[in-house]
Every structure is written in structure tokens, then in C-alpha cells.
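Structure assessment
As a plain string of letters, each chain reads:
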Amino acid sequence: MTGCGKEVELLKKELTLLDEKQTKSDKDYSIYFQPPSLKDAKKRGKEDIAVHYESAIPEDMKTVGTGKKYLIRTYGCQMNEHDTEVMKGMLEEMGYESTEEKLDADIILLNTCAIRENAEDKVFGELGHLKTLKQQKPGLILGVCGCMSQEESVVNRIMQKHAFVDIIFGTHNIHRLPVLLKEAYYGKEMVVEVWSKEGDIIENLPKKREGMKAWVNIMYGCDKFCTYCIVPYTRGKERSRRPHDVLAEIRDLARQGFKEITLLGQNVNAYGKDFDDISYSFGDLMDDVRKIDIPRIRFTTSHPRDFDDRLIEVLAKRGNLVEHIHLPVQSGNTEVLKLMSRKYSREHYLDLVRKIRVAIPDAMLTTDIIVGFPGETEEQFQDTLSLVREVRYDSAFTFIYSPRDGTPAAAMEDNVPEEVKKDRLKRLNDLLNVISREQNEQLRGQTLEVLVEGESRTNPDVLAGRTRTNKLVHFRGSKELAGQFVQVTITEPQTWVLKGELVTSQPAKVV
Ligand code: SF4
């Protein structure tokens, strides 16, 4: 059966059972919720990916939100931030307005992250607080969505211990929010809809973007199955948006005056590998995006295994393609990389770095590193330190390994003692800080193009902005410069921020 056929069957089943629902005392959750078992979520079938272009908002839901407000709390990565933009877009097309005040909200959605245990703890803590609010305001609709909703244990826990939640929906069900809201308004029971599927592509969903920077999804899902990571199970298989859909969205953002775009995917370098009718890679996409009149184009996240020569050749053309590459390494030791199933060796990674440096000598590299992976010895950790010294990252996201239920690594013995993990993290961060400080020192006296974001969060007397390489710059200037490109001379480089002086507010030339 095709993906579409399955959906039709599911909908038929859903409608039949919805009729029966009136006479049932106990809700049959199985009509909505097929537990996202690891076995099912790991399947990668040969079914075609269906691209849907139809509107997600039913006619009778177009004004349902008039006079009502919504609040969405977002946890986790940019992918989630972008999903929130889509949900905001749909809610506003239904007439809802946004609020940051829980007390004013008629709908509160928690868009959750499953990547680390503490992200889950935060969500359950928030649900605890919201229980009181729900008691005071029974008409409030409370929803939980995002990656945690794809986990069977989480859904069961919410159904059993947080029965005041009105809707649970998964990452493949975001476009169904209007329909699920309708069921929540008219039904009396919790609405649970989590599709455990490889995933389709839904185009034309409204998006509420704010500011001058925009994220654009170019692909969804991941097929890499790194042994510590839950994403391939919660986000489905790798599937790329058609190039004309991506390019049309970016051209539209250019017309709207956006200054910076980040192309998003769990593994952007795999873009296009799932097309069987055309040969079109991530490098080809970047080459086409390069010709669109947007001053800065970024992308995240890269996987070193799929980072090919074509992409390096295109990035070297520069223009609006910035000199910043986030290249997660995770470990500097080949044995550990094997256990992580990263599918590259230390040597392969260093070779790739060398190629990038030859083509783009001033490229700034950042990375992700995990310490204390099961079985990691001191010697293997030393390999990570030596790799960091060799690559000289400008910054890195560093993490202590913690097992995620259901991943292959969770079945490995988590045998690095907690104090050893903490000590390794500290030594790694100390080294990264020294290197970052040294790299920044080289910028002293240089004049850089800065995109002004607005007042600094830590000091309202100064403005904050970002260089092409995404470094944070603080300088004094008029608040009216927010959203513009300016030239700033770096006078006081520090580890985390470059302090400087405004040279001119004339828009900088993109070279
Ligand atoms: S590449 Fe690995 S770490 Fe990244 S999302 Fe895929 S499985 Fe997770």
C-alpha cells in the first residue's frame, strides 16, 4: 500500500471509530496512536514520498480563533523552532493572536525535544505548573507536540499522569493541528495523533517568521542512525523538498527583504540523495541559492560523511554563502566513532577539514562533541583533544553522554563514571576556550561586516550583531541600526564576544 493509501485507510478507520466514540465509555486510543516502536520507526521502505500542496486549514476553522490567543513554548533545535513558526502560521490563519502571557492564552502548546533527558524533564516540570492553570481555566487547550510525542513511553506517561492535557500530536502530524484542535473543542477526551511513519512532505503551510532572519527546511528526517541519537526514529526517513519549492520559498523571502537565511535539515549534505528522477545535490542547491538576492546564506547541520567536493567548490565561490561551516565531529577517536556509527574515521574528518581550508582559508569551523561515550578511555578522549588542537574550532557545543531510551547506545554499558565525564567536559571546554580566545585575538583591529540584531541581551547600552562567520559583536550605536549591515572595527576581542567600534552604517558590500 502507498503512503497515501495508508493515510486514507487510517482516516476511514478514524471516522468510523469517531462515530462509535459517542457510545464508548473508554476512549480507544489505538485509532490515533500506533505506538512509535523502534522497530517500526527504523523501517526504511521503498515507498514513494508524497508531496502534498493542499491547504491545511479546513474552511470551517478559518475564523475559529478570532478573539483568542495562543502561546507556544519551544524546546530543542532549530528544526523545532521552525516547526513552531509553521504552527504559529496556521494558528494565525485561523484568527488566533500570539501572547507571551500564560494567563491570557486560550491555547498553550509545548513543542518538545527528545534529544537529552533534561529537555524531557523540563517539559514534565512545565506540565506540572500548567495543571493548576488548567484547573482555573477549564476552557484552555493544552497540547504537547514535537519529538517527545513520538516516544511511546512519553505518550503513555502523559495519558496516565497528565490526563488534563487535551492534545498530543507527533512530528508527522503538525499540518493536522487545525483538525486536532477541532476534535479537542468538540470532543471530551484527550486527542492523541502520532503517526509512526517514514514521512511525507507537506508544502504551502503558512509560516509566521519574525525579524530579518529566516529558516528554510530543505529536507526532513535522517537515515544515519548514529547509535546515541533518537532523531531517525522521531523524524522519519531522509526526504528532500523539490528544488523548485525550496528556491521559490527563498525568492519569496528575498522579495520580503529578509537579510539572512539558514537552510535546515538534520543532515543537509544528504539533500537530493532520495531523488530518483533528477541528479541534484546539496552543492547544486547552494549554487542556485547563491544567485538569489539574499545577503547571507547559512546551513545546518552537516554530516562529514556526505560533505562532498562539489559542495566545497560551490562554497568557495562565496558571495552570499558565508564562511562558516558547522561540522559535527562528536569524537576524535576512530574506534569511538565506529561505536557511534558515525561512518567516518578521524583521518577522513581531518582530510575533509584540510580540503575546506585549502578552498576557503578563512572558513570558521564549529562542531559538536560528546564526551564519556560508553567505553571511552582516557587515551581515546586525548584523541578528541588533539583533534580539537589540530582543527582549531572557533567554538563548539559540548555534551556529556547520557543514554536515550530506545537507541542502540542505551544497550551499551554506560561505564564512564560521572565524575570522569565531568572532568573530561571541563578539560575539553578549557581547551576550546583558549583556542576561541586566540582565534578572536587575530581579529583585533580588523573591520568586519556586522548584521545588527538590536540591543544586547546582557547590556542594553550596546548593540549586538553577527559577523558573516556568526561571531557575536557588541558596539555602541543607534537602535535604529537594527536589521542593517554596518562595518565595525574590533577593538577588544574576548572569548565569547568581539567588542568593537562602529565605522559606518552604510550597507556593507557583499563580496
Ligand atoms: S546524523 Fe546522527 S546525530 Fe545527526 S540527526 Fe542523524 S542520527 Fe542524529
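Residues numbered from 1 in each chain as written. Predicted model: local features only at pLDDT ≥ 70, side-chain atom pairs only at ≥ 80, totals over all residues.

- Going by what an unreviewed UniProt entry lists, the protein is known as tRNA-2-methylthio-N(6)-dimethylallyladenosine synthase and is assigned to Paenibacillus oceani.
- Under the heading Subunit (unreviewed entry), UniProt records this for the protein: "Monomer."
- Looking at the Subcellular location (unreviewed entry) heading of the UniProt record, one finds this comment for the protein: "Cytoplasm". (UniProt positions renumbered as here; feature names shortened; annotations may be inferred.)

Let's talk about the packing of helix α13 (residues 378-391) against helix α14 (residues 418-441)
- Where α13 contacts α14, the axes come no closer than 10 Å and their chain directions differ by 10°. Between α13 and α14, the crossing angle belongs to the class labelled roughly parallel. Between α13, through Phe-381, Thr-384, Leu-385 and Val-388, and α14, the contact on the second element is made entirely by Arg-424, Leu-428, Leu-431 and Leu-432.
- When the residues that make up the contact of α13 with α14 are grouped by side-chain class, the tally is six nonpolar, one polar and one charged. (Axes fitted to C-alpha atoms, helices over the stretch in contact; angles between N-to-C directions. Helix = DSSP H or I, 4+ residues; strand = E, 2+ residues; numbered from the N terminus. Parallel < 35°, antiparallel > 145°, perpendicular 65-115°, else oblique. Contact = placed C-beta atoms within 7 Å. Nonpolar A, V, L, I, M, F, W, Y, C, P; charged D, E, K, R; others polar.)

A closer look at the UniProt feature "binding site: [4Fe-4S] cluster 1" (unreviewed entry) in the protein
- The residues that UniProt annotates with the feature "binding site: [4Fe-4S] cluster 1" (unreviewed entry) are Cys-77, Cys-113 and Cys-147. These residues run over 71 residues, yet every pair of their C-alpha atoms falls within 10.5 Å of each other.
- Residue placement: Cys-77 occurs in the loop between β2 (69-74) and α3 (78-93).
- On the neighbour-count criterion, Cys-113 (21 C-beta atoms within 10 Å) is buried.
- Excluding residues that lie within four positions of it along the chain, Cys-113 makes contacts with Tyr-75, Gly-76, Cys-77, Asn-80, Ala-119, Gly-146 and Cys-147. (Buried ≥ 20, exposed ≤ 12 C-beta atoms within 10 Å, placed from the backbone.)

Thoughts on the sheet that holds strand β4 (residues 107-112)
- Across the sheet, six strands lie side by side as β3-β2-β4-β5-β6-β7; this open sheet has parallel pairing. Since the sheet does not close on itself, it has two edges, and those belong to β3 (97-98) and β7 (191-193), each with one partner.
- Looking at chain direction, strand β5 (residues 141-146) and strand β6 (residues 167-169) are connected through two bridges and run parallel. Note that in β6 the partner of Gly-143 across the bridge is Ile-167.
- Along the sheet, α3 makes contact with β2, β3, β4 and β5, crossing β2 at roughly 170°. (Pairing = 2+ DSSP bridges.)

As for the packing of helix α8 (residues 243-255) against helix α9 (residues 282-289)
- Direction vectors running N to C along α8 and α9 enclose 30°, while the axes themselves pass 11 Å from each other. By the criterion of interaxial angle, the relationship of α8 to α9 is roughly parallel. As for how α8 packs across α9, the hand of that crossing is right-handed. Contact residues: α8 offers Pro-243, Val-246, Leu-247 and Ile-250, while α9 offers Leu-285, Asp-288 and Val-289. (Left-handed = near helix turned anticlockwise from the far one by under 90°.)

As for the domain arrangement of the protein
- Looking at the protein, the domain boundaries give domain 1 (3-193), domain 2 (203-441) and domain 3 (447-504).
- The C-alpha centroid of domain 2 is placed 29 Å from the C-alpha centroid of domain 1.
- In this complex, domain 1 contributes 32 residues to the contact, which on the side of domain 2 involves 25 residues.
- Considered class by class, the residues forming the side of domain 1 that touches domain 2 number 13 nonpolar, 10 polar and nine charged. (Domains from an automatic or database assignment.)

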